[in-house]
Amino acid sequence: MRFTLGWLKEYLEFKSSVEELCEKLTSIGLEVEECKNLRKSLSDFVVSEIVDINPHPNADKLNVCDVYDGKNILKIVCGASNAKKKMKTVLANIGCIVRPGSKEEFTIKKSKIRGVTSSGMLCSEEELLLSKKSEGIIELEDSCIVGENFSKYIDDENIEIEVAITPNRVDCAGVFGIARDLSASGFGSLKKKKITKIKDQFKSSIKISNKLKKNSCPQFLLREINNVDNSKKSSQDLINRFNGSGLKVISPLVDITNYIAIDYCRPLHVFDRNKIEGNIEIRYSTQGEKFEGLDDKNYILDEGMILICDEKKIISLAGIMGGKNTGCDENTKNILIESAYFCPKRIAATGRKLNIISDARYRFERGIDPNSTEDGIELATEMVINTCGGDVGSIISDSIENIETRVIKVNSNFFSKILGCYISEKDVEERLVKIGCSVNLRNNVIEAKPPSWRQDLKVKEDLVEEVGRLLGFENIPPKEFKLSNQKTSKVTSFPQKKKAQIRKLLVSRKIMEIISWSFSNKRWENLLNFEEDIIEIKNPISAELSCMRSNLLGGLLNIITKNNNKNVNNVSIFEIGPVFTSYRPGDQREHLTVVRSGKAIEKSWTSKNRDYDIFDIKSDLLSVLGLFNIADKKTRIVSDAGKYFHPGKSGSIFLGENKLASFGELHPNIAKSFKIKNYTCLFELYLEEVLEFCKPNLIPKDKLVTSSFQSSIRDFSFDIDKKLSSIDLVDFIRSLDKEIISEVRVFDNYENKDSRSLAIEVLMQSNVKTLTDEEINKLSEKIVNQAKIKFNAKLR
Amino acid sequence: MHNDQLIQSALNEVEECSSVECLEAKRVKFFGKNGLITKELKSLSKLPLEQKKELGEKLNKFKNQFFLIVENKKSIIESKEINLKLARDFLDSSLPARENNYFEAKIHPINQTINEIVSILGSMGLTFEEGPDIEDDFHNFSALNIPEDHPARQMHDTFYLKSTKTDSYVLRTHTSPVQIRALKKMQIPLGIFAPGRTYRCDSDITHTPMFHQVEGLVVDKDINFANLKWFVEKFCKIFFNKKDLKLRFRPSYFPFTEPSAEVDINYSYSSGKIILGKGSKWMEILGCGMVHPEVFKMSGVDSSVTGFAFGMGIERLSMLKYGMPDLRDFFEGDLKWLEHYGFSFFEETDLSWR
C-alpha cells in the first residue's frame, strides 16, 4: 500500500522525522518497502539563478552558465536547451548525489567539459527524481529564494511511502488505519476522521430486497444523488496525492470511490442511476449466469456468488466488481452509491473462482470494518457534492441491526509465558485498550472485546502478538534453552548419511553434481517413461515444465545438450533427487543418475584419447555400491537394461528379485532426440531398493583372516561363445573350489568377427598349507574340463 | 712365480676395465667356476702341506683383495654411468599431468548450504526430517491454518496436479507441511529441521518455479518467543560466520504462527558488494513465529505445549553467503558456473558463534 506523507499527516500529528516514521512502521509490522524521501536525498541541492549564459567555446550544443547559488557565482557547463538568463533552477554542487537511491545515481565532481571547468550541474526533474521523464532543466517559480535549500520546496505529497500489508492487517489497508495503528503504538496523535451526516433533499423511491441479510450480506446501504457533473477532472490536490500514491486518475466519481477505499479502507460502488431498472435485489447467483464486468470481460458464474441485481439484470458482482451495464461515464447525471458489508469467505471464493483481482475484493475478503457502511456513504456523499454537485437523496438500507463482536478470554500471565519476558497485567491491559479493545480485567483473567475494525483478532495468541508488537520485538531479550529429554539424538538418518557419502564419492571421481527441475514435459516422458503414467500439472508454468519427472535422465541429458552448445563437450554429471510415480504424496522414489558424455581421455601426450564407455560407468556404479555394505551379498548382472539403454551395451544389477541399478550406453535414438552427438553412458541407481539391503556397519568388525601360505597364479585363455556373460564363467570357476580358489579375474577379452577369447587369471591359495604342484595342476585340469562341459569353453 | 704373474695380470686386466660387464668378465676369468685362480686354488690340495699353506694364504688374500678392487671399481663405474645418464635424461615437468586436463567436480551450492545447515542445526539439537514433494491439501494448507479461500493461499501461487480423483494434490509450496508430519509422527519434546524442494507457479528474475526451503520446528513444555530469538540469532551468526551480525525481528503474519515475525540482518554495500554484519541497511532472511494453536489441534497435539517454527529460502542463504548474482543459474547446470560456485567435498562447517 502506497501513500504520500501529506496524506498520512491528514490523520496523524507528529514531530518525528520521516526516517523515524519508517522505522516505527516497520517495527509495528507495517514493513516499509520503499520510502522516497526526496527532502532528505536532495538536501544538498540549492535554489540558484542563471545570471549569465554564453555559448561553450568548443561545443555547439553546450552553454557555459554563470550560476549564482546565494554565495558565489559558479561557472557551469549546461546542455539544456531551456537554460536562459535570469532563470531560477536547481543546482547540484560538487559532492551532490544525482538521482539518489536509484540505480543510476552518481556523484557530482568538478570536471572539465571540452576544456571548460564546470563546478556543478543544473538538474532536470528527472535527475531530481521528481518525474520519470523530463526535458531540459527544472524551472522554478520566481518566488523561490536563491541560496535556499531546494528541499524546502518539496511538498509532503512528493514524499512517498510504500508499506507491505500482511493479509491479517486489512485495517491498515487505509491511510487512516495506518495513522490509527501508529498512534496506538505511541507514535504521534491521531486526528479523528471527520464524518459529516449530510441531510437528504429527497426521499428515494428505490426499494432494496436483501435476501442475504442473515448470512452473506448483513449490511447493504444505497443513496441516490441526482444532477451530478462527472465530466470535469478531480481537484489538483487529489491528483497530486494520487500521483504520489501510485493511483490512476480516471473520473471524479471513480476517483472518489478509490480515494475512500485507500483513505478509510471502505470500498464503495457507484452506479449510473439512469441505467438501473426498477428495484434492487441482493441474491446468490445460480450456475451458468453471465456477467459482464467493468473490465469488459464476460464471466460465467457458479452457484452462490453474491449478486446485486435490478429487476432486469445483474448490475454488480458484490464486493468484487461492478457491472459494465450500469457503470458511470462522463455523461452520468444521476448516481446510486452502494456501501455494504459482505462475508469475506464468499468474496474470497468468488474472486478466486473467477480470478478477478480488485481493490474491493482485496479488502472485503480480508474482512473490513463491518460498522463502516454508514461512514462510507456519508464520506462519499460529501466528496461527490463537493466535486460534482448534486441533490442528495435519503439513505436506503436493508440490513441487520447488530453485527456480533466476540470476546477473547485469557489468563493475564499467558502473555509473559508466550513472549518469554515479564509483562505486567496493567501493561497488557493498557496496550490492548490502545488498539481499541474494551478490556475487563478480573481475577487475573482478561476479557477483551476487539474493535470492529480488527476482525483478525480471534484467539488469545492474536492478543499476545498485539502486545508483543506494541512492546516491540526488539525489547524482548533472547533467552537460551535446552530441549527437555529429547528422545531422538541422531541428526541424520542412515539413508541421509549414505546420500551425503555418495555425493562426496562421485565428486571425488570428477563427476559434477547438478540439481535439475523436478519437472519434466510430455516429450521427455514419452521418450523416457516406460512404466508409469505421466503425471501432469494442472497449471504449469510452461509446456517445457508441464509434468513431474519419472526419472532423472531428461534433466541430465538436457544439461548435457546445453553444455555441448557452449562447446563444453566432456560432461560428467550426477543428480540425487526425487522422481514421481503417482499423484499421491509419498509415492515418490529417490534415484541417483550419473551420466558421462564425451571423452574419458582427451587427446593427450600421455595416452590415446578414448570415449567414455560402459566400463567407466560400471566402475562408477560399483564404487557407489561399495558404500552400501552389500558386497558380501549375491548380486547378479543381467545383460540388457532395457528402457533408454542400448540393448546390446547395457546391464542391470539384481539382488534377488530387486533391481538395484542399470547401466550402459545411452540408446542412440534417445541421444538423437536430445541432439547429443558425443558417446554417452549412464547408470541409474534406485536408492530405496539398495537401502533395503543395506544395514549400518557393525562395530566392532569381524577379525581379519589372511592366509600365510604361498599363493599361485594360473592363467587360462578360453575360446568362448560371443554372447557368454563373462561373469557367469568367472563365478563358475570360483565355485569349483571355494577353499582354494581365492580370486578369479578376467584380464583380457579379444573379439573378432567370428570368435571371442577370454583370458582369466586364477589365484589359488590355501589357508592351511602350501599347495603342491600336483594339487595345482589337478585343480587347473578341473577348471579346463568343467569350463568345457558347462560353457563349451575351449582352452586355446 | 706363475702365480705372481697370474695375480699381476689379474690386477692389470681389472685396472683396464671401464665397464661393469668387463669387470664381470674378469671375475669369471679369474674366479669363476673354471677361473684361472680358481683352478689354482683347486690344485692346492695336491701340494705339500708347507707350500699349500703359504700359497693358500696368498691366493685367498688376493681373492679378497681382488673382490674389493672389483667392487670399488664397479661402484666408481656405476656412479659415472649414473652421472652420465642423469646428464642425458630430461623430462619437461611442466607438461600437463596425466588425464587431468578438464573440470574439477564440485558439490552443488544448494547441497553445500544444506550440509552446513545440517551441521549447525544438528549441533543445536535438531534432527533431519523429510517430507514428500507432492502434498495433499490438508498438509500443505488446512493443517497449517490456511483454510480454503484464505487470502494467504493466493500468495502461494500453487501448482496443482491433474488428477482423475476429486482429491486435490499440490506441489508443496513450502516445507511447512513437514511440521504437521513430524507433529503427528513424533513425540514431544521434539526439534526437527526439514530442508527440501518447494514449488511455486512463478518465474522471473527473483523467482524460479522450483526452489529450496528449510523448515525448523521446536516444541516443548515451555518454549517461548525469547527462546526463538536466541535460537535464530545463534543460527544466523554461525551460518554467516559473523559474530557481530545484527538481527531485527519485526512483526509479520503467517497463518501457522502467532505471534509471527520476519527477521532481517544488517548489511552495507561496499563497491557494489553486499557486506553482511556491517552497516545499517536491513534485508529479510527468514520468517518465524510461535506455532499457532490451530496447528497443534490439527496435528492432534495436546495444547499445553508451545513451540516455535521458522523457515528460510536456501537459495537466498546461499546467494548472500557466497555471492551468486542470479537465482536462475542454480538449475541451469552450466558446468562453468558449477565449477566456480560449487564446493570441494572436503568443506567443513565452522560451528563457533561467540
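A quick note: this is a predicted structure, and the numbers were derived from the prediction, not measured.

Criteria and cut-off values
Residues numbered from 1 in each chain as written. Chains lettered and ligands numbered in written order. Predicted model: local features only at pLDDT ≥ 70, side-chain atom pairs only at ≥ 80, totals over all residues. Heavy atoms only, no water. Helix = DSSP H or I, 4+ residues; strand = E, 2+ residues; numbered from the N terminus. Rg over C-alpha atoms; globule rule 2.2 N^0.38 Å. Contact = heavy atoms within 4.5 Å. Buried < 20%, exposed > 50% of the residue type's maximum accessible area, 1.4 Å probe, protein only. Lys, Arg positive; Asp, Glu negative; His and termini not counted. Salt bridge = Lys/Arg side-chain N within 4 Å of Asp/Glu carboxyl O. Polar contact = N/O pair within 3.5 Å; in protein donor to acceptor, adjacent residues only side chain to side chain. Disulfide = S-S within 2.5 Å. Patch = residues over 30% accessible without salt bridge, like charges linked within 9 Å, V, L, I, M, F, W, Y side chains within 5 Å. Areas by Shrake-Rupley, 256 points an atom, 1.4 Å probe, with all protein chains shown as cover. Charge placed at Lys NZ, Arg CZ, Asp CG, Glu CD. Nonpolar A, V, L, I, M, F, W, Y, C, P; charged D, E, K, R; others polar. Pairing = 2+ DSSP bridges. Axes fitted to C-alpha atoms, helices over the stretch in contact; angles between N-to-C directions. Expected span 1.5 Å × (residues − 1). Domains from an automatic or database assignment. Core = buried A, V, L, I, M, F, W, Y, C linked by side-chain atoms within 4.5 Å. 1 Å grid on protein atoms, 1.4 Å probe; cavity = no way out; pocket = protein on both sides within 12 Å on 5 of 7 lines; lining within 4 Å. Points joined across faces, edges and corners; volume = space filled by probe spheres on them. Parallel < 35°, antiparallel > 145°, perpendicular 65-115°, else oblique. Left-handed = near helix turned anticlockwise from the far one by under 90°.

Caption draft 1: Expanded view of the overall build of chain A. The helix and strand inventory of chain A stands at 20 helices and 44 strands. Against the 2.2 N^0.38 benchmark of 28 Å for 796 residues, chain A shows a C-alpha radius of gyration of 41 Å, more extended than a compact globule. Judged by the C-alpha coordinates and their principal axes, chain A covers about 125 × 80 × 60 Å. Of all intrachain contacts in chain A linking residues separated by at least 6 positions in sequence, the fraction that spans at least 24 positions is 68%.

Caption draft 2: Local environment of the side chain of Lys-106 of chain B. Counting through the fold element by element, Lys-106 of chain B comes out in the loop between helix H4 (49–88) and helix H5 (109–123). Summary of buried charges: Lys-106 of chain B has no salt-bridge partner, and the nearest side chain of opposite charge, Glu-339 of chain B, is 5.6 Å away. Polar side-chain contacts of Lys-106 of chain B include one of 2.8 Å to the backbone oxygen of Glu-339 of chain B. Beyond its immediate sequence surroundings of up to four residues, Lys-106 of chain B is in contact with Val-507, Met-512 and Glu-513 of chain A together with Leu-338, Glu-339, Gly-342, Phe-343 and Ser-344 of chain B.

Caption draft 3: Seen up close, the pattern of salt bridges. All names here are of chain A. All told, the structure shown has 80 salt bridges over all chains when counted by the stated rule. The partner of Arg-2 in a salt bridge is Glu-162, and the shortest N-O contact between them spans 2.7 Å. A residue pair is termed long-range when its members are at least 10 positions apart, and Arg-2 in strand E1 (residues 2–4) and Glu-162 in strand E13 (residues 160–163) qualify at 160 residues. By relative accessible area, which is 19% here, Arg-2 ends up buried. Arg-454 is the salt-bridge partner of Asp-456, the closest N and O atoms lying 2.9 Å from each other. There is no split in this pair, since Asp-456 and Arg-454 are both buried.

Caption draft 4: Representation of the state of the cysteines within the structure. Under the counting rule described, the total for this entry stands at one disulfide over all chains. In this model Cys-17 of chain B forms its disulfide with Cys-22 of chain B; the gap between the sulfur atoms is 2.0 Å. Looking along the S-S bond of the Cys-17 of chain B-Cys-22 of chain B disulfide, the torsion reads about -70°, which is the left-handed sense. Relative accessible area serves as the criterion here: at 3%, Cys-17 of chain B is assigned to the buried category. Cys-22 of chain A takes part in no disulfide bond, and the closest cysteine sulfur to it belongs to Cys-35 of chain A, at a distance of 3.6 Å. Residue Cys-22 of chain A is classed as buried on the basis of its relative accessible area, which comes to 10%.

Caption draft 5: Quick look at a negative patch on the surface. Among the surface-exposed residues, Glu-19, Glu-20, Glu-23 and Glu-474 of chain A lie close enough to one another that they form a single negatively charged patch. Position of Glu-23 of chain A relative to the elements: it lies in helix H2 (residues 18–27).

Caption draft 6: Quick peek at the interface of chain B and chain A. If you look at the interface, chain B gives 101 residues, while chain A gives 96 residues. Here chain B and chain A share nine salt bridges between them. Where chain B touches chain A, the interface holds 32 residue pairs in polar contact (both at pLDDT 80 or more). It is helix H9 (residues 225–239) of chain B that provides the largest number of residues to the side of chain B that touches chain A, a total of seven residues. Across the side of chain B that touches chain A, the residue classes tally to 47 nonpolar, 23 polar and 31 charged.

Caption draft 7: Molecular detail of the sheet that holds strand E24 (residues 335–341) of chain A. Residue and element names in this part refer to chain A. The strand order across the open sheet built from four strands is E17-E24-E16-E25, with neighbouring strands paired in antiparallel fashion. The outermost strands of the open sheet, each flanked by one partner alone, are strand E17 (269–272) and strand E25 (391–397). Neighbour-to-neighbour, the strand axes of this sheet turn through a mean angle of 20°, independent of strand direction. Taken together, the five bridges between strand E16 (residues 219–226) and E25 define a ladder with antiparallel strand orientation. From the neighbouring strand, Ile-225 faces E25, where its bridge partner is Val-392.

Caption draft 8: Representation of helix H9 (residues 373–388) of chain A in the model. Residue and element names in this part refer to chain A. The terminal C-alpha atoms of H9 lie 22 Å apart, and with 16 residues this matches the ideal 22 Å at 1.5 Å per residue to within 8%. When H9 is considered as a whole, its buried residues turn out to be Thr-373, Gly-376, Ile-377, Glu-378, Leu-379, Ala-380, Thr-381, Val-384 and Cys-388. Where the residues of H9 are buried, they touch E16, helix H6 (252–264), E24 and E25. Just downstream of H9, Gly-389 is the residue with a positive phi angle, here 70°.

Caption draft 9: View of the sheet that holds strand E30 (residues 519–520) of chain A. Residue and element names in this part refer to chain A. Spatial ordering of the open sheet is given by E30-E32-E31, a layout of three strands whose pairing is antiparallel. Of all strands in the sheet, those bounded by a partner on one side alone are E30 and strand E31 (535–536). Pairing of E30 with strand E32 (residues 547–548) involves two bridges; the strand directions are antiparallel. Considered in E32, the bridge of Phe-519 is made with Met-548.

Caption draft 10: Inspection of the domain arrangement of chain B at higher detail. Splitting chain B by domain gives domain 1 (2–88) and domain 2 (109–341). The straight-line distance from the C-alpha centre of domain 1 of chain B to that of domain 2 of chain B is 88 Å.

Caption draft 11: Here's a closer look at the nonpolar core. Core analysis: the largest hydrophobic core is formed by 117 residues, its most contacted members being Leu-432 of chain A together with Phe-240 of chain B. Leave out the neighbours within four places in its chain, and Phe-240 of chain B touches Leu-245, Ile-265, Leu-276, Ile-285, Leu-317, Leu-320 and Lys-321 of chain B. One finds Cys-172, Tyr-259, Leu-268 and Ile-335 of chain A within the second-largest nonpolar core, a separate group that totals 47 residues.

Caption draft 12: Inspection of the environment of Lys-643 of chain A at higher detail. Residue and element names in this part refer to chain A. On the secondary structure map, Lys-643 appears in the loop between strand E37 (635–639) and strand E38 (645–655). Judged by its relative accessible area of 22%, Lys-643 is partly exposed. Expressed as a C-alpha distance, the spacing of Lys-643 and Val-90, which sit 553 residues apart in the sequence, is 74 Å. Of the polar contacts made by the side chain of Lys-643, one reaches the side chain of Glu-684; its length is 3.1 Å.

Caption draft 13: A look at empty space enclosed by the protein. The final tally for this structure, using the stated rule, is two cavities of 30 Å³ or more. Here the largest cavity is characterised by a volume of approximately 50 Å³. Considering the residues around the largest cavity, the lining is formed by Ile-28, Gly-29, Thr-166, Asn-168, Arg-169, Glu-465, Glu-466 and Arg-469 of chain A together with Pro-251, Ser-252 and Tyr-253 of chain B. Here the lining of the largest cavity is built from residues that sort into three nonpolar, four polar and four charged. Put simply, the second largest cavity is a space of about 40 Å³. Taken together, Trp-517, Phe-519, Ser-520, Trp-524, Glu-525, Leu-528, Arg-549, Asn-551, Gly-554 and Gly-555 of chain A make up the full set of residues lining the second largest cavity. When contributions to the lining of the second largest cavity are tallied by element, the ones reaching two or more residues are E30, helix H14 (522–528) and helix H15 (553–565) of chain A. Of all the elements, H14 of chain A adds the most residues to the lining of the second largest cavity, at three residues.

Caption draft 14: Highlighting the pairing of strand E34 (residues 588–597) of chain A. Residues and elements named next belong to chain A. Counting buried residues in E34 gives nine out of ten residues, a clear majority hidden from the surface. Across seven bridges, the pairing between E34 and strand E40 (residues 680–686) is antiparallel. Residue Val-594 lies in a different strand from E40, and its bridge partner there is Phe-683.

Caption draft 15: Summary view of the packing of helix H1 (residues 2–16) of chain B against helix H3 (residues 36–43) of chain B. Residue and element names in this part refer to chain B. Two elements in contact, H1 and H3, have axes whose closest approach is 10 Å; the angle formed by their N-to-C orientations is 150°. Taken as axis vectors, H1 and H3 run roughly antiparallel relative to one another. Considering only the axes of H1 and H3, their crossing is left-handed. Residues His-2, Asn-3 and Leu-6 of H1 form the contact with H3, whose participating residues are Leu-36, Ile-37 and Glu-40. Taken together, the residues of the contact of H1 with H3 break down into three nonpolar, two polar and one charged.

Caption draft 16: Quick look at unusual backbone geometry. Residue and element names in this part refer to chain B. Following Ile-188, the chain continues into Pro-189 via a peptide bond in cis, with omega recorded as 10°. Tracing the chain through its elements places Pro-189 in the loop between helix H8 (177–185) and strand E4 (190–199). Here the amide bond leading from Glu-258 into Pro-259 is cis, since omega sits at -5°, within 30 degrees of zero. Relative to the assigned elements, Pro-259 resides in strand E7 (residues 257–270).

Caption draft 17: H15 of chain A, seen in detail. Residues and elements named next belong to chain A. In this model H15 runs 18 Å from its N-terminal to its C-terminal C-alpha over 13 residues, within 8% of the 18 Å that 1.5 Å per residue would give. Along H15, ten of the 13 residues are buried, which leaves the element largely enclosed by surrounding structure. By the burial criterion, the buried members of H15 are Leu-553, Gly-554, Gly-555, Leu-556, Leu-557, Ile-559, Ile-560, Thr-561, Asn-563 and Asn-564. Where H15 terminates, the next one or two residues include Asn-567, which has phi positive at roughly 70°.

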